[in-house]
Number of protein chains: 2
Amino acid sequence: MKKSLLIASLLSVSFGATAQQALWDKTPVASPQINPDTTVTFRISAPGALKVGITGDFLSPKTIETPFGTNQVPDTAALTKDSLGVWSYTSPRLKPELYNYSFVVDGIKVNDPSNVYLVRDIASLTNIFIIDGPESRPYEVTDVPHGTVSKQWYKSAYLNEARRMTVYTPAGYEYNVSRHYPVLYLLHGMGGDEDAWPTLGRATQILDNLIASGRVQPMIVVMPNGNAALQSAPGESPDGLTVPTTQLPKTMDGSFETAFPEIVSFIDSNYRTIPDKAHRAIAGLSMGGFHSLHISKQYPTMFDYIGLFSAAITPRDGAVSPVYEDFDQKLAKQMSLSPALLYIAIGDKDFLYGENKLFRLKLDRKKYPYVYRETSDGHIWKNWRIYLTDFLPMLFKK
Amino acid sequence: MKKSLLIASLLSVSFGATAQQALWDKTPVASPQINPDTTVTFRISAPGALKVGITGDFLSPKTIETPFGTNQVPDTAALTKDSLGVWSYTSPRLKPELYNYSFVVDGIKVNDPSNVYLVRDIASLTNIFIIDGPESRPYEVTDVPHGTVSKQWYKSAYLNEARRMTVYTPAGYEYNVSRHYPVLYLLHGMGGDEDAWPTLGRATQILDNLIASGRVQPMIVVMPNGNAALQSAPGESPDGLTVPTTQLPKTMDGSFETAFPEIVSFIDSNYRTIPDKAHRAIAGLSMGGFHSLHISKQYPTMFDYIGLFSAAITPRDGAVSPVYEDFDQKLAKQMSLSPALLYIAIGDKDFLYGENKLFRLKLDRKKYPYVYRETSDGHIWKNWRIYLTDFLPMLFKK
């Protein structure tokens, strides 16, 4: 081979066969194209399709009937076809936010072939894009120092298995080798896993950006798998390439909460932590908020900062565990030790709103202090990113 | 809300709106379904589609014309539609291997909606599945202790920026805190990045499995980004959610090779390494093999084990760098220091086969020892997984 051909050859065939073909297809269409006026144009080449739509969380919700009652899902907008068979749709002007979307081509949900950025939410993959602005800037990768993200296995004696967690260490951890850090334990919801906060929650970007701004203390953030019946996220365990599901045993049965000190002990052994209550926080969304509430109450000298994001409060019917016994007494004990922060946040359309309201009434009656944030919308990742961004600056400031 | 409804509610709405809708669709079809006879049935529900095909690396290749000459790509097989609008195709019996595939629905490449497992190869996403057997077992997550995988940033003074790498530490690293480990530096090809070996290359699984078998020494494996013009994989840098491309400046211009000792220094400072030549290896595929050749030759006292997987050998036209000068003299110097292993592997249909043959002739003429492996097929990930699996047991055995 002539040397002058080498670069061309490397460009063309140093990848899998499918990629080769993709490279030699006609120029792919640009999608999503974020326009200067913050409208977004989506395109897909589909000359043979009869009908192409787009669904995403930037479209108004519509109400549908489900086995569990009515619920709101994003509407679908129609794309129109040009003479070359390229379908397109331009959105209204969008506010700064991280959005997700999928195409629907002749009834099939299709990810955007021009956009490699996907997030998995349980068994569903959707494309993402970001409209830049002050509200979304924390979710972007910006030109600031970046922390390290590790997928790590620890041994759980209580659950008798190895389990996977994500650990974030802040920028500088590798260079400031005598510095010790506070720790936030950040928990996912039902059906989620140790990959949820770093992907759907943009936790890595939020931490990098807020720490770099000086508004948030450099901290270690630990995101363990909170499903006691799973060792890890789907595909990362000996179960193989299974279909992700929420239909798991041992969910909210007290075992994850009971075993939690093993995680704290592993982190304190392997990272340069400040291993005391004043330098530990725990927070989570939905089931993870439920875990945060019950773990912090069960081990009242462990955490000084507690965050409940759209949290479930009440154990489900039939859940029997010492962790769930004597709720009011344990809460009284925890509160008597004056935690630095109890933070509660929920959307005004969240199906757990009523339960949270009852819990706040209980706190009010007992004059237990807490910080409360209420946002619009329901039980969605947009809110959990907002709550994390709001919660982090309050930590480790005592 | 009644408590008995809580679990149902959490199951149904503790995720993004798109996922909610996906959960309430009719039961998704099972795909891919690996049958006991090792045929595989693929299914997609597409009542409105006129034509559905499947393409993947388990199908025989066909020859196509490209701007760079003829090349082989996988063929496409047709699915057939049943009365419910579900299209299906059953493959021939497949040998144990990790395979990739995509559907083609009315001309559009579509990922399998029933399979959340995708790998990205530059700008192309394909679904994967594994046929179990002795040859593919190293690529599976099995019930063995797992190593930790970290996405980490280091400072490059030479390139004047922070850069991202993947670091694998073997199972037990967190528990055997006085043990020090040898290090393999494992480099990707052009268009790849620090995510390529852990995803397409199944490096994490291969290492976990071979180390657990006792055939491979526990080692640290460092997978840096090898494109000097990029700080990181797409989407992980301040460049934003860009379209991945191979059209990068500074490719194979000597700068990555020149700066390489910074990476070794960072690793030796932050991990429990054995920081000497006898406990360092470097290997890579394609451009990464080229890097391994030229880095190990430029710094001849740094690495005792060198692996060239489908490697480019000759600098491209116009590449001017001190690294590429005096090839024969530097090679002679390196060989005079008796490296423990020079390993060369390539497929018999690889476009770099001829160049590797010339390099081997040079080694033969000078009586420089090396180990050579030749496989079938071309410049594809299947071969690189095979070479890594073959290469690892030879390391750190001197």
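Describing the packing of aromatic side chains
Any two aromatic rings considered together are summarised by their centre-to-centre distance and by the angle between their planes.
Then, in step 1: In this structure the tally under the stated criterion is 54 aromatic pairs over all chains.
Then, in step 2: For the ring pair A:F42 and A:F58, a centre distance of 5.3 Å and an interplane angle of 5° mean the geometry is stacked. Here A:F42 is found in strand β2 (residues 40–45), whereas its partner A:F58 is found in the loop between β3 (52–56) and β4 (61–66), with 16 residues between them in sequence.
Then, in step 3: Assessed through its relative accessible area of 0%, A:F42 is described here as buried.
Then, in step 4: When the centroid spacing of 6.3 Å and the interplanar angle of 85° are considered together, the rings of A:F58 and A:Y99 count as edge-to-face. Linking A:F58 in the loop between β3 and β4 with A:Y99 in strand β9 (residues 97–105), this pair joins segments that are 41 residues apart in sequence. Accessibility classification places A:F58 together with A:Y99 in one group, the buried group.
Then, in step 5: Clustering of aromatic rings is evident, with ring pairs tying together A:F42, A:F58, A:Y89, A:Y99, A:Y101, A:F103 and A:F129.
Then, in step 6: If you follow B:K155 out to its NZ or CZ, it ends over the ring of A:Y175, 4.2 Å from the centre.
Then, in step 7: The ring of B:F327 is capped by B:K297, whose NZ or CZ atom sits 4.9 Å from the centre of that ring.

Overview of the sheet that holds strand β7 (residues 80–81) of chain B
All names here are of chain B.
Then, in step 1: On the basis of which strands lie adjacent, the open sheet formed by four strands has the order β1-β2-β8-β7 and antiparallel pairing. Unpaired on one side and paired on the other, β1 (33–34) and β7 mark the two borders of the sheet.
Then, in step 2: Of the pairings in the sheet, the one linking β1 to strand β2 (residues 40–45) comprises two bridges and is antiparallel in character. Note on β2: the bridge partner recorded for I34 is V40.

Notes on the sheet that holds strand β7 (residues 80–81) of chain A
Then, in step 1: Spatially, β1-β2-β8-β7 (chain A) is the arrangement adopted by the four strands of the open sheet, whose pairing is antiparallel. Here the strands that pair on one side only, and so sit at the sheet edges, are β1 (33–34) and β7 of chain A.

Some words on the environment of B:V52
Residues and elements named next belong to chain B.
Then, in step 1: With respect to the element layout, V52 can be found in strand β3 (residues 52–56).
Then, in step 2: Exposure remark for V52: the relative accessible area of 1% places this residue in the buried category.
Then, in step 3: The spatial distance from the C-alpha of V52 to the C-alpha of L392 is 41 Å, given a sequence separation of 340 residues.
Then, in step 4: Sequence-distant contacts of V52, that is, excluding residues within four places in its chain, are made with I44, A77, A78, L79, W87, V104 and V105.

Re the side chain of A:Q152
Then, in step 1: Relative to the helices and strands, A:Q152 is located in strand β13 (residues 148–156).
Then, in step 2: Apart from residues lying up to four places away in sequence, A:Q152 is in contact with A:R163, A:R164, A:M165, A:V167, A:F266, A:Y271, B:T148 and B:E174.

Side note on the packing of helix α6 (residues 287–298) of chain A against helix α7 (residues 327–336) of chain A
Residues and elements named next belong to chain A.
Then, in step 1: At their nearest, the axes of α6 and α7 sit 8 Å apart, and the two run at 70° to each other. Judged on the interaxial angle alone, α7 and α6 are roughly perpendicular. Contacts from L293, H294, S296, K297 and Q298 in α6 reach F327, K330, L331 and Q334 in α7.

Describing the confidence of the model for chain A
Residues and elements named next belong to chain A.
Then, in step 1: Mean pLDDT over chain A: 91, with 91% of residues reaching 70 or higher.
Then, in step 2: Counting contacts from residues 1–25, a segment whose pLDDT is below 50, to residues more than four positions away or on other chains yields 70 contacts.
Then, in step 3: Both scores are available for the predicted complex, with the pTM at 0.93 and the ipTM at 0.92.

Focus: the side chain of B:H291
Then, in step 1: Here B:H291 is to be found in helix α6 (residues 287–298).
Then, in step 2: Among residues more than four places away in sequence, those in contact with B:H291 are B:L187, B:G226, B:F256, B:E257 and B:S296.

Brief notes about the pattern of salt bridges
Residues and elements named next belong to chain A.
Then, in step 1: Inspection of the entire model under this criterion finds 28 salt bridges over all chains.
Then, in step 2: Where R137 meets D132, a salt bridge forms, and the shortest distance between an N and an O atom there is 3.0 Å.
Then, in step 3: Judged by relative accessible area, R137 falls into the partly exposed class, the value being 38%.
Then, in step 4: With its nearest N and O atoms 3.0 Å apart, the salt bridge here joins R280 to D268. Pair noted here: R280 is in strand β17 (residues 280–285) and D268 is in helix α5 (residues 255–270), with a separation of 12 residues, a long-range link.
Then, in step 5: What emerges from the salt-bridge pattern is a single network uniting K151, R164, E194, D195 and E236.

Thresholds, definitions, all that
Residues numbered from 1 in each chain as written. Chains lettered and ligands numbered in written order. Predicted model: local features only at pLDDT ≥ 70, side-chain atom pairs only at ≥ 80, totals over all residues. Heavy atoms only, no water. Phe/Tyr/Trp six-rings, centres within 6.5 Å; stacked < 30°, edge-to-face > 60°. Helix = DSSP H or I, 4+ residues; strand = E, 2+ residues; numbered from the N terminus. Buried < 20%, exposed > 50% of the residue type's maximum accessible area, 1.4 Å probe, protein only. Lys NZ or Arg CZ within 6 Å of the ring centre and 35° of its normal. Pairing = 2+ DSSP bridges. Contact = heavy atoms within 4.5 Å. Axes fitted to C-alpha atoms, helices over the stretch in contact; angles between N-to-C directions. Parallel < 35°, antiparallel > 145°, perpendicular 65-115°, else oblique. pLDDT = per-residue confidence, 0-100. Salt bridge = Lys/Arg side-chain N within 4 Å of Asp/Glu carboxyl O.

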